Amino acid sequence: EYMTMIQSADLLIQEARKYHTNWHGKNRTTVALGRGSTEDISEELMIKTVQLAKELDINVSTHVAGWIEINSYTIRRFGERDLEHFHSLGLTGPRGVMFHAVWLSDHEIDIIAKTNTKVVHCPVANSYLGYGVAPISQMLSRGITVGLGTDGAASYTYDMLEVGRVAGILQKATKLDAEAVSAEQIMEMLTIHGAKVLGLDNEIGSIEIGKKADVIVVDYNAPHLLVGGRWLPKLIYSARGSDIIHTIIEGQVVMENRK
């Protein structure tokens, strides 16, 4: 049978609805609608996606202004920059999740802040692919919720501590400001902000009564982590995923002594 990436809008919506029914809220799975970028799908499907997300009360995840050329494409086609166009279509708001968000105007950052839209920063993938550096220190100063992502295989890493470290280093280097973002802010992005992006901050993202008791234990008894100064910058700037010795998910030990 001939397979194609191109499908009708109605079929895609139908499949998304079915997937949501089968998987949402089961086995720690949260379903969101991922509708690519402005270059990937029709205007009709974008509008249907917004309607379905509102009906099911789930997130819509969108690749926004990741590469510089996309703004010239949307200006030519719609007379608006990429994020401005998503805003016109109703994709911004507390359930709107914007991946990359690199090439934004001050006006677009303002839209994100005022609509409580969420951002996922993918610093390793954006660097590797030559996309540029998202203005996250500016976003954080505006109170925007920024989580961290790998962009899947595009990072060549799934090590979130590495992603956090790169996020910090890139802001400092490009802003010529060693205090552009702090280790504490990166820790927030890795934990509670990530949970807020997913709309799950009442369940995960911090260790509190009533939450799911998701904990990692890091072994500081290693040459590159020997304690000196504050422990948090040491974790963000020196640790890596392989330094984790125990993992607890929902109160259950799933890895002990790296087994």
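Residues numbered from 1 in each chain as written. Predicted model: local features only at pLDDT ≥ 70, side-chain atom pairs only at ≥ 80, totals over all residues. Heavy atoms only, no water.

A. Highlighting the nonpolar core. Leu104, Met139, Val146 and Met189 are the most contacted members of the largest nonpolar core, which totals 50 residues. If one sorts the elements of this core by residue count, helix α2 (residues 43-56) sits on top with six residues. In contact with Leu104, not counting residues within four places along its chain, are Val64, Ala65, Arg81, Leu83, Ile109, Ile112 and Met139. In this structure, Val97, Cys122, Ala125 and Ala154 belong to the second largest nonpolar core, which totals six residues. (Core = buried A, V, L, I, M, F, W, Y, C linked by side-chain atoms within 4.5 Å. Buried < 20%, exposed > 50% of the residue type's maximum accessible area, 1.4 Å probe, protein only. Helix = DSSP H or I, 4+ residues; strand = E, 2+ residues; numbered from the N terminus. Contact = heavy atoms within 4.5 Å.)

B. Inspection of the sheet that holds strand β4 (residues 118-121) at higher detail. Taken in spatial order, the five strands of this open sheet run β1-β2-β3-β4-β5, and their pairing is parallel. A single partner strand is all that each edge strand has here, and the edge strands are β1 (33-34) and β5 (146-148). Sheet analysis places strand β3 (residues 96-100) next to β4, joined by three bridges and oriented parallel. When the sheet's bridge partners are listed, Met98 is paired in β4 with Val119. (Pairing = 2+ DSSP bridges.)

C. Here's a closer look at the sheet that holds strand β6 (residues 215-218). Strand order in this open sheet of three strands is β6-β7-β8, and the pairing throughout is antiparallel. In this open sheet, the two edge strands, each paired with only one partner strand, are β6 and β8 (252-255). Within the sheet, the average angular offset between the axes of one strand and its neighbour, ignoring direction, is 25°. Pairing geometry for strand β7 (residues 244-249) and β8, over three bridges, is antiparallel. Counted as the bridge partner of Ile249 is Gln252 from β8. (Axes fitted to C-alpha atoms, helices over the stretch in contact; angles between N-to-C directions.)

D. Main features of the packing of helix α4 (residues 82-89) against helix α5 (residues 106-115). Packing of α4 against α5 brings their axes to within 9 Å, and their N-to-C directions diverge by 35°. In the crossing of α4 with α5, the sense of the turn from one axis to the other is left-handed. Contacts between α4 and α5 involve Asp82, Leu83, Glu84 and His87 from the first element and His107, Glu108, Ile111, Ile112 and Thr115 from the second. Split into classes, the residues belonging to the contact of α4 with α5 amount to three nonpolar, three polar and three charged. (Left-handed = near helix turned anticlockwise from the far one by under 90°. Nonpolar A, V, L, I, M, F, W, Y, C, P; charged D, E, K, R; others polar.)

E. The arrangement of helix α9 (residues 183-190) in detail. For α9, every residue scored as buried is listed here: Ala183, Ile186 and Met189. For α9, the arc enclosing every buried residue in end-on projection is 115°, short of the 170-degree limit, so these residues lie on one face. Taken together, the buried residues of α9 touch α7 (136-141), β5, α8 (160-175), α10 (192-197) and α11 (231-238). (Arc of directions from axis to C-beta.)

F. Main features of the side chain of Thr38. Along the polypeptide, Thr38 turns up in the loop between β1 and α2. Judged by its relative accessible area of 0%, Thr38 falls in the buried class. Leaving out residues up to four positions away in the same chain, Thr38 has contacts with Met46, Ile70, Tyr73, Thr74, Arg77, Phe78, Asp82, His85 and Phe86.

G. The packing of aromatic side chains, seen in detail. Summed over all chains, the structure comprises three aromatic pairs. With 4.9 Å between their ring centres and 65° between their planes, Tyr128 and Tyr156 make a pair best called edge-to-face. Linking Tyr128 in helix α6 (residues 123-128) with Tyr156 in the loop between β5 and α8, this pair joins segments that are 28 residues apart in sequence. Overall, Tyr128 belongs to the exposed group, its relative accessible area being 52%. (Phe/Tyr/Trp six-rings, centres within 6.5 Å; stacked < 30°, edge-to-face > 60°.)

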